[in-house]
Amino acid sequence: MTTANPKPKVHLTKEKETLLATLYGRAVDSRAKHPILGDTMAAETVRRLDYDFKRMRLGPGDSAGVALRAKQLDDWTARFLATHEEATVVHLGCGLDTRVHRLDPGPGVRWFDVDYPEVIDLRRQLYPERDGYTTIPSSVTDPAWIAQLPSDRPTMIVAEGLLMYLTEEDGTATLRRLMAHVPSGELAFDAFSKFAIRSQRIQRVVVKAGATLHWGTDSAGIRALSPRLHIVENISAVEIAGMDNLPPAYRLAVRLTARVPGVRDMARMYNCRF
Ligand SMILES: C[S@@+](CC[C@H](N)C(=O)[O-])C[C@H]1O[C@@H](n2cnc3c(N)ncnc32)[C@H](O)[C@@H]1O
């Protein structure tokens, strides 16, 4: 007897495999008593994949941290779309994130999810198509795919857990190319500091996947991307709104972390306008 709908097997390595940790983090959060993001589609996706997620050993604090980061980027994207009905969203290194489904943008929005071909192939097996929605199977650093984006609309560029995997040269060139292609917009992402890149051996998910982090930056590095770019918000990952709802032990660890400047600044979230 053959199964009508076999579970897609997952063969992802290195930086591609890390998307499973963030997916799992959102799935675990959705099953919490008081979810932060409530991404039930992530939980359903985890259930449908042939992959041993338990071996990641993500704790409740880890999943809450992933959910808070995603929620912050959702909030910035939703705020942009609330004032730009006719707009483009470009989601770089989308992995199996369900942001387009969570935000459910209106008919004037064209949304592009970009990731490596293996990742987009898996995405297409798991998620339904939508009007106005396009997946692009490409490295974000390849200049060719950008021609698929409209060049005449305000554009929200979102990158979550991506930029640290790019080299500074590739990341800078990619963001500059994108900003040059569109008239105006916002850029929202998380970034690691140079210190975080130097201490990457303590990043469990990255080490387990055998991935390498490259690009560490700060607000001066981000401003240097373009004279058109202005940082509107710049938040330490341990000071994101909602941290107060974390499990007590994790909250204490976060509070202590936030007191040590080098450690507090290891991961920051930026919302910029251009
Ligand atoms: C930590 S995961 C984050 C995935 C997703 N943003 C999320 O939050 O679940 C990193 C993602 O970046 C993607 N990625 C890394 N380098 C990339 C590149 N050069 N081009 C396209 N995607 C890339 C990986 O395939 C993976 O999906």
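See the structure printed just above.
Here is a short report on the structure shown in this document. (Residues numbered from 1 in each chain as written. Predicted model: local features only at pLDDT ≥ 70, side-chain atom pairs only at ≥ 80, totals over all residues. Heavy atoms only, no water.)

Taking strand neighbours across the sheet as the criterion, the 7 strands line up as S3-S2-S1-S4-S5-S7-S6 in an open arrangement whose pairing is mixed. The open sheet terminates on both sides in strands that have one partner only, identified here as strand S3 (133-137) and strand S6 (230-236). Across the sheet, the mean angle separating the axes of adjacent strands is 15° when strand polarity is ignored. Here strand S1 (residues 87-92) pairs with strand S2 (residues 109-115) via 6 bridges, running parallel. Looking across to S2, one finds that Val90 is bridged to Phe112. Packing of helix H5 (residues 117-126) onto the sheet brings it into contact with S2 and S3, and relative to S3 it is tilted by some 145°. (Pairing = 2+ DSSP bridges. Helix = DSSP H or I, 4+ residues; strand = E, 2+ residues; numbered from the N terminus. Axes fitted to C-alpha atoms, helices over the stretch in contact; angles between N-to-C directions. Contact = heavy atoms within 4.5 Å.)

Looking down a regular strand, the side chains alternate between one sheet face and the other. Where burial is concerned, most of S1 is hidden: 6 out of the 6 residues are buried. Side chains of S1 alternate between two faces, with Ala87, Val89 and His91 and Thr88, Val90 and Leu92 buried alike. The sheet contact formed by S1 and strand S4 (residues 155-159) spans 5 bridges and is parallel. Residue pairing in the sheet places His91 in a bridge with Val158 of S4. (Buried < 20%, exposed > 50% of the residue type's maximum accessible area, 1.4 Å probe, protein only.)

The subject of this paragraph is the pattern of salt bridges. Across all of its chains, the model carries 23 salt bridges by this definition. With a closest N to O distance of 2.8 Å, Glu160 and Arg99 form a salt bridge. Here Glu160, found in the loop between S4 and helix H6 (168-181), pairs with Arg99, found in helix H4 (residues 99-103); they are 61 residues apart in sequence, far enough to count as distant. Judged by its relative accessible area of 0%, Arg99 falls in the buried class. Here the salt bridges share partners, and the residues they tie into one network are Arg26, Asp39, Arg69, Asp74, Asp97, Arg99, Arg102, Glu160 and Asp190. (Salt bridge = Lys/Arg side-chain N within 4 Å of Asp/Glu carboxyl O.)

Now for the packing of helix H1 (residues 14-30) against helix H3 (residues 60-83). Think of two packed helices as two axes; the pair is described by the angle between the axes and how far apart they sit. The N-to-C vectors of H1 and H3 enclose an angle of 100°; their axes lie 8 Å apart at closest approach. In terms of their interaxial angle, H1 and H3 are classed as roughly perpendicular. Of H3, the residues touching H1 (which contributes Thr22, Gly25, Arg26, Val28 and Asp29) are Ser63, Val66, Ala67, Arg69 and Ala70. Tallied by class, residues from the contact of H1 with H3 come to 4 nonpolar, 3 polar and 3 charged. (Parallel < 35°, antiparallel > 145°, perpendicular 65-115°, else oblique. Nonpolar A, V, L, I, M, F, W, Y, C, P; charged D, E, K, R; others polar.)

Another aspect to go through is the packing of H1 against helix H2 (residues 40-48). H2 packs onto H1 with a crossing angle of 115° between their chain directions and a minimal axis gap of 7 Å. Remark: the crossing between H1 and H2 carries left-handed chirality. Residue-level inspection shows Leu23, Tyr24, Arg26, Ala27 and Ser30 of H1 in contact with H2, the latter providing Thr40, Ala42, Ala43, Thr45 and Val46. Classifying every residue of the contact of H1 with H2 gives 6 nonpolar, 3 polar and 1 charged. (Left-handed = near helix turned anticlockwise from the far one by under 90°.)

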